[in-house]
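# Chains, contacts and geometry: an overview
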Amino acid sequence: KRDKIFIFEDKLLKKNKIMVIHNKKLIGLICIIAGLGIMLFLGSILVTTLSLPFTGSVADAKVIGFKTKGSKHIVKNNNGGMSGRSPFFEFVSDKNETIKAHSDAPQIFVLFNYEIGESINVGFPKNEPSKAIILSWKEYPGIFLMLALGLLCMIVGKSYLFQKA
């Protein structure tokens, strides 16, 4: 009787064209590796962002433009009231050098845009102002969302990997 049920389910799956995963352990392993990679990459960004005010230098900066697809940066005047998500900023380092850099943190939410001319705080390792990052609450939602995605990938991968046959 049990074999008839499996044959019926197999015919039903073929009829409805539902995808059946045959190697669940491989899918689980891939999900765990992807989730771990996401969490390690973005976790390092979060740790750096949180530790720089204590271990590095902090400076006041001004948003001068935004990174666009296919170009290094775009600088516009404030007349257009332009705003964007990956800001280029300019600040003066401890050695009185003018440094221009941009944010590498993933900014997913449109509500948290920066405005041209907006004053922001940046942190950078001592004697390395070219590695400056923005120290703002606007940087955290995207990082936390991606960390949650990485955790979800790991949970799904664990459920596939340790699933009973």
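Structure: see above.
Overview of the structure. (Residues numbered from 1 in each chain as written. Predicted model: local features only at pLDDT ≥ 70, side-chain atom pairs only at ≥ 80, totals over all residues. Heavy atoms only, no water.)

Attention shifts here to the pairing of strand β1 (residues 57-66). Burial of β1 is extensive: 7 of the 10 residues sit out of reach of the surface. Where β1 meets strand β7 (residues 119-124), 6 bridges bridge the pair, whose relative direction is antiparallel. Residue pairing across strands places Ala59 opposite Val122, the latter belonging to β7. By the bridge criterion, 5 bridges tie β1 to strand β4 (residues 87-92) in an arrangement that is antiparallel. Looking at β4, one finds that Lys62 is bridged to Glu90. (Buried < 20%, exposed > 50% of the residue type's maximum accessible area, 1.4 Å probe, protein only. Helix = DSSP H or I, 4+ residues; strand = E, 2+ residues; numbered from the N terminus. Pairing = 2+ DSSP bridges.)

Turning our attention to the packing of helix α2 (residues 24-55) against helix α3 (residues 140-161). Put simply, α2 and α3 touch, their axes get as near as 7 Å, and they point 155 degrees apart. With respect to their mutual orientation, α2 and α3 come out roughly antiparallel. In terms of crossing hand, the pair formed by α2 and α3 is left-handed. Looking at side-chain class alone, the contact of α2 with α3 contains 23 nonpolar, 6 polar and 3 charged residues. (Axes fitted to C-alpha atoms, helices over the stretch in contact; angles between N-to-C directions. Parallel < 35°, antiparallel > 145°, perpendicular 65-115°, else oblique. Left-handed = near helix turned anticlockwise from the far one by under 90°. Nonpolar A, V, L, I, M, F, W, Y, C, P; charged D, E, K, R; others polar.)

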